[in-house]
Every structure is written in structure tokens, then in C-alpha cells.
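Chains, contacts and geometry: an overview
The primary structure of each chain is shown beneath.
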Amino acid sequence: MSGETTSDPASYRDLLDPSSLALRHRLGLVGLVALGLLPFTNDLAGLLGLGALGVDRLMVLKLTGALYFAVFAMSWDAVSGYTGQISFGHGLFFAVGGYTSALLNLNWGVDPAIAIVVGMVFAALAGVVVGVPALRLEGPYLSLVTLVAPLILLQLFIVFSDTFGGELGLSSPENLLAFESFETAITANYYLAFGLFVFVLVLLLAVTRSDAGSVFTAIREDEDAVAAAGLDPAKFKVFAFVLSAAVGGLAGAMFVHTPVGNPQPSQLLVLTVSIEVIIASVLGGMGTIVGPAVGGLFYYMFRDYLSGVSWTVPVADVPVSELDLLLFSLITLALLFFLPGGIVRWTIRNGRRALRRGGRNGGERAVPDGGTDPSDGDDTNAGGEPETGTSPLERTLAAYREAFDDESTDDRTDGGRR
Amino acid sequence: MVDVLTTVVNAVTISALYALVAIGFTLIFGVGGVLNLAHGAILTIGAFTAYYATSALGLGIWTGAAAALVVAAVFSAVLYLGMIRWVQDEPILVMILTLVTSIAIEQFFVVTVGTQSKAVPSLLPGQLTLAGISVQTNQALTFVLSWVLIGGLIVAVNYTQTGKAILATSMTKKGAALVGIESDRMYLYTWLLAGALAGVAGVFLASYRTASYTMGRGPLILSFSIVVLGGIGSIRGSVVGAYLIGFLEVFTVSYVDSSLSGLASLVVLVVVLLVRPEGLFGRELTEA
């Protein structure tokens, strides 16, 4: 997945051709298009006479929040999932971006569009501030600093409550997109969030699938080896931090200029925010970018759903709605423990297996190289072996490839635990 | 003048408790190389065990404190055996797991007890007068008990077979294994000890503040500062660090600004990490 660096220029056209995409990529595209069409599902359902099947305005608003949350999760993944420099305090960057932008708008009346850019720049600077210690500190020590940094910022906010509004936060700044009609505003803000989501998704996918992304992964696996290969890990680490901080800050800054977000510590800065981002990313799958995007959307919406459930747990007599974070932390614990690669990886792997099994039975579309890229697969097939997997040798080879493939996916996160 | 003395007494008491929490934290990290972010939550477990024993079961607070010690120690051991043992070679995964565990514990208490703070009775009610200032007996007890535990621990670690084995494991796991020490068992001991100390500290902390689901966070964060300041893995360093941080904390809150609570120690932590990561008494981490 992250190892796929597209070096062959001819394949760029294939990249844009949906029919050449792997199934998971197609599914991803379908998912994106569906997300893009969501606000209109209500109207569509109405047109088709299906009644209130689509999502209502409130749901659109919630989805907007979910999209921002997913961007937060992706920004975390860019540094922590890839370089292995686990940040326990990504809320710092969201808050720096959000507060900078909100303060500029509230105190000096700066236009939100400009304020957001400044917020992003400040967040990137915060990324430098946290990233540079990362050069001196390793593993747990770095995580301690990242854990502590947002706490310090929160304390500063409380000490200088006059400026920063303390624990309650600031009042809501001007919205980036303001409309007369409430409905239009909601839809517009949804598309703003969606645009950001797609932009960040593409940006981070591009960066992490580039050669720099390979270096990030290499740093996670073995920093000394990277240094020995003549590359400067420090440079890449700081780059990852700054990139991640800038993306997080951008999302934080845009978030406060929407109807769903406010510059409040509870939404941007407190420990729980940083941890929820981690939980969501781990659920989806660290080190994939797509995983945290899916995990973020899922986490936000599922928590929202749980908080609305009126069913109570029989024995303890506690409504499920109060259990949401507890449930999520337990699920995360179990997932981390048993499925360290996350849901997306697991689905892809098992989907592949199922496909392959189906393919073997049906004698069609058996992809010999573990299905990483159908176009590659087709090429190999064209090389004269249309009946892949029929001879014992071929099957053994395929089994080895499968095992190797799974192994290398596993290694991403659990570094040879087994 | 009396005012200053009272502040000093407060600082001494709170530092004594921080020392207990920090020693457990440093033991686990120094011996096993594991940063246990659920340590604060274990303290909370201790406090609420005492609360349950006294309010729901009607037991005395001393029984409650003993129960807290046992429950916290057992929980800590179960956490190690059930989860951490399998992943302890991956510090990052351990941090995430323990952090999520602590959230789960906090949420568990939110669900079962609620977000309201609960009072836990003093272990020794009353006042006594020392050198002209009156001190709560509970505070005096905290101080004495803390030093008894710390003294006992230092003696145990330095002079008993098991203690020496723990020390050896913390210095070099391979070397210890070569002379027949089972490192897994030593880790288990440290988790038990750390849990017990945190449980006791939780009861005392709850007895003169209150028990709440977030009560473990502050001490956990302070433990970072203490342990990093004192030098990771050093019991002596943790005690000294606990008093330095405790005094810093209490005096900033009393004389500078109460809203600065927690800030000073965090700044100390970051500065120490950047300037002298091995701390006051620490050695550079030995082999990985």
C-alpha cells in the first residue's frame, strides 16, 4: 500500500482511468462520490418518491463535523502513523490553528479566508517547535513532550483567560461562508468540509506514497538504517511534523469558521480530543491515511449515533448513550491488541482473499501478485500464463506471495511482534 | 510566618504522596522500559475502592485503604499479565494501550459513580500541634507512611534477593537472564508494587481532596516531571524530584497564582527533557 510508488509515467493515465483501478480504489471513489452527493439524497429521494429516505439537514451538519474530525485524524496519521513519532497531543496544532484564526477575526476583524491561512502558518510553526525536540528525543520521551505541550497551552489559555477565554473558549468567529438561508449555509459548509477532506486526502496520499513517504516508513521501522543509507532522518521528521501540523492547523482554523465548530478547548485542545483522534486512526488503520479518514468518519458518526441510543444496558441500568467513550476505548483496546493494522487493512486483506478464492473457483480474474494492481496483474497474465493458480507450483508461489503480502502489511504496525 | 509554615506542611504532605506515585511509575519504566500511562488511573481505582468500601459496604477507612492497596495492585498486575506483557517490546503501542486503558477506567467511573466528586474519610481525623503550628493528623500520617513505604522499598530493593534481582533486571535484562533471573517475574513484581503504592496514594489523596474520575491525571502528569527530573529508573531521584516538584507546585499555587497550577512542573519537564534528558540522578538508558 504505502510501498506503491508510481514511478512509471505511463501509468499516470491509468491512475485516472477508473476501469484500471483496483477494486478497493474503486470502492473508495464510490464512497467519495456518495459523500459528495449526500446533502442531496433527501431531495433525490423526494424526487423518486421515496419519502424521507435521505439525510436531513441535521445529519448534514453532523457529517460536516465528521469530515473535519477525519481530517484531524489524517493529519495525525501523516506524522505518527508513518514516521512512528507518536504524537499524543495533536490537539495542540488544531488549537493553534483554530485560535489564531478566531482571534484574528474577532479582535482585528481579519477576513476569515486570510485568518485561516495565518492560522495554518502558526500551526506549522508549532509543528517546528514540537518537531525540533523530536530530533533530540526518541520514542516515549518525544511522546511525553507531545502529551505535555497541549497541556501547557491549555494552562496558558487559562492563565490568560482575558485573551483566550480560558476553559470556556472564545465566542464564535465569523463564518467563512455566510448565507442568508440557513439551508444553503449548511450545504455550502458541508461542501467546504468535503473539499478540505478530499484535498487533504489527496495531498497526504500523494506525499506518503511518494519517495518521501517511503523514507517516513523507513524511519518508523529503523531510523539508524535510514541514517546509514545517507538520508537525514531529522529532516524528514521535521518535514512530517510541519506537514501534519499545517494540515491539522488548517482544519482547525476552518473548523472554527463553520457553524459546527467553535474555538473552545473542549473541541480542539483537551486531552480527549487528541486521544479520540488516535482512537479513530487506530480503528481505521495507522499508516494508511485512508484508514484514519474512514476511521474518523466512522468514529464521529458512530459516537453520535450511540449518544442518541435510548436503550439501556440491562444489568448496570446505564443508558448506552453514557457509555460511548467507554465502549470506544474498549473496542480500541481490543482492536489494537488483536488487529493492530486497523479495519481498513483487515478488510482489504480479507477482501483480497475472498476475491482470490472466488476467482480460483470461477477461473476468472485471478491476480497472481496478490492483487495490488490489476494493471500489473494483467501484464503478467498477458505474459503467457492465463491459467494462473492451476499448476501446483503456481499455487504454492501464490500462497507464498499471499503470506509475504500479509506479513509485510502486518509489519507496518506491529514491527515483528509475532 | 505561620502562613509559610502551613504552606510548607502542605507541600511536604503532597510531595510525600507524589513520591509514592512517582516511585511506582519509575519502577515500571526503569525495570521494564514501559511508560505506564494508566498509572494515574490505578490511583483513581485505589481511591474509589476506598470510597466503595466505606460508603457502600460500611467498612472502616483502614479496611478500605487495605482493600484499595490490594485492588490497585491486582489490577496493575492483571493489566501487565493480560495486556502489556505481550506488547512490552513496543513502547509506542504500550503508550497508546495504557492511555486508552486509562480513558476506559475513567469512563468506567463516570458511568458507575458519575462525574461528581466523592468524599473519602480521613484515616486519622483530628489535629496535632507541632512546633506551634497545627497539622492535620491525616497529613502527618501521610508523611510518616510515605517514608515508611519508601524506606521499606529501598531496603527491599537493595538487600533482598528479589530486590536485587529487580535491580539487576533494570540494569541489564540480558545479564540478569544469564544468571537465571526471570525478567517476566521481575516485571510482574514491579507492576504489583507500583499498583499498591498508587492505590495507597489514591486513598490519601482522596481523603484530603476528593475522589473524582479525573483525579489520577494530575498526579500522572506530575509523575512525568518528577521521574524525568529525578532520572528515570532511580528511586532516590524520584523522591528528590517529588519534593522539588511538590514544593514548586504548592508554592506557585499559594504565592504566585492558583491558575498556574500544573504549569510550572510541565515547563520543568520540558526543560529537563531538552537540556538534561537523563535527569538529576539518572544514568543514560542502558541497553534497549
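Bear in mind the structure is a predicted one, so any value in this text is a computation, not a measurement.

A word on the environment of Ile221(B)
Within the secondary structure, Ile221(B) sits in helix H9 (residues 217-230). Sequence spacing of Ile221(B) and Gly262(B) is 41 residues, and the spatial spacing of their C-alpha atoms is 8.4 Å. Among residues more than four places away in sequence, those in contact with Ile221(B) are Leu151(A) and Leu266(B).

Let's talk about the pattern of salt bridges
Two side chains carrying opposite charge are able to pair once their charged atoms lie near each other. This model, assessed by the stated rule, comprises six salt bridges over all chains. A salt bridge links Arg303(A) to Glu276(A), with the nearest nitrogen and oxygen atoms 2.2 Å apart. In this pair, Arg303(A) is assigned in helix H16 (residues 290-308) and Glu276(A) in helix H15 (residues 271-284), connecting sequence segments 27 residues apart. A relative accessible area of 14% means that Glu276(A) is categorised as buried. Between Glu106(B) and Arg217(B) there is a salt bridge, with its nearest N and O atoms 2.9 Å apart. Of the two residues, Glu106(B) is situated in helix H4 (residues 91-112) and Arg217(B) in helix H9; the sequence distance between them amounts to 111 residues.

Quick look at the packing of helix H2 (residues 23-37) of chain A against helix H10 (residues 182-208) of chain A
Residues and elements named next belong to chain A. The geometry of H2 relative to H10 is characterised by a closest axis approach of 10 Å and an angle of 160° between their N-to-C directions. As far as their axial angle goes, H10 and H2 are roughly antiparallel. Viewed along their axes, H2 and H10 form a crossing whose handedness is left-handed. Where H2 approaches H10, its residues Leu32, Leu35, Gly36 and Leu37 are matched on the opposing element by Tyr190, Tyr191, Phe194, Phe197, Val198 and Leu201.

A short note on the interface of chain A and chain B
Counting residues at the interface gives 38 residues for chain A, matched by 39 residues for chain B. Considering only the surface of chain A that becomes buried against chain B, Tyr141(A), Leu144(A) and Phe337(A) emerge as the three largest contributors, covering 17% of it. Counting the contacts that link chain A with chain B gives zero salt bridges. Where chain A packs against chain B, one counts zero residue pairs in polar contact (both at pLDDT 80 or more). Only helix H7 (133-136), helix H8 (139-159), H15, helix H17 (324-338) and helix H20 (392-414) of chain A provide two or more residues apiece to the side of chain A that touches chain B. If one sorts the elements of the side of chain A that touches chain B by residue count, H8(A) sits on top with 14 residues. A class-by-class count of the residues in the side of chain A that touches chain B yields 26 nonpolar, eight polar and four charged.

Here's the deal with the UniProt feature "transmembrane region" (unreviewed entry) in chain B
Residue and element names in this part refer to chain B. Taken from the UniProt record, the annotation "transmembrane region" (unreviewed entry) applies to residues 12-38, 50-80, 92-113, 140-159, 188-208, 220-246 and 258-275. Taken end to end, residues 12-38 is 78% helix and 0% strand, and its first and last C-alpha atoms sit 25 Å apart. Across residues 50-80 one finds 87% helix and 0% strand; the C-alpha atoms that close the span lie 23 Å apart.

Description of the environment of Ala70(A)
Residues and elements named next belong to chain A. The residue Ala70 is located in helix H4 (residues 57-83) in this model. As a C-alpha pair, Ala70 and Pro292 span 222 residues in sequence and 6.5 Å in three-dimensional space. Apart from residues no more than four positions distant in its own chain, Ala70 is found in contact with Phe197, Pro292, Ala293, Gly296 and Leu297.

Conventions used here
Position numbers for residues count from 1 along each chain, tracking the sequence in the order it is written. Chain letters start at A and ligand numbers start at 1, both assigned in the order the entries are written. Reporting in this predicted model follows two pLDDT cut-offs: at least 70 for local features of residues, and 80 or more for side-chain atom pairs to be given and counted; totals over whole chains, interfaces and linings ignore these cut-offs and use all residues. Side-chain measures here rest on the full set of heavy atoms in the structure, leaving out hydrogens and waters. Secondary structure follows DSSP: runs of H or I at least 4 residues long count as helices, runs of E at least 2 residues long count as strands, and numbering of each begins at the N terminus. Two residues form a contact once any of their heavy atoms are found within 4.5 Å. A side-chain nitrogen of Lys or Arg and a carboxyl oxygen of Asp or Glu constitute a salt bridge if their distance falls within 4 Å. For the exposure calls, accessible area comes from a 1.4 Å probe over protein chains only, and a residue counts as buried if that area is under 20% of its type's maximum, exposed if over 50%, partly exposed in between. Angles shown run from 0 to 180 degrees and are taken between the N-to-C directions of axes, each axis being a line fitted to C-alpha atoms and, for helices, limited to the stretch in contact. Relative orientations are named as follows: roughly parallel for angles under 35 degrees, roughly antiparallel for angles over 145 degrees, roughly perpendicular for angles from 65 to 115 degrees, and oblique for any other angle. Two helices that cross are described as forming a left-handed crossing if the nearer one is turned anticlockwise from the farther one by less than a right angle, and a right-handed crossing if clockwise. Buried area, as used here, totals the accessible surface that two parts lose on assembly, with accessibility defined by a 1.4 Å probe and the loss added over both. Pairs of N or O atoms within 3.5 Å make up the polar contacts considered here, provided that, within protein, one atom can donate a hydrogen while the other can accept it, and that residues adjacent in sequence are counted only when both atoms are side-chain atoms. Think of it as three bins: nonpolar holds Ala, Val, Leu, Ile, Met, Phe, Trp, Tyr, Cys and Pro, charged holds Asp, Glu, Lys and Arg, and polar takes everything else, Gly as well. UniProt positions are given in the numbering used here, feature names are shortened, and annotations may be inferred rather than shown by experiment.

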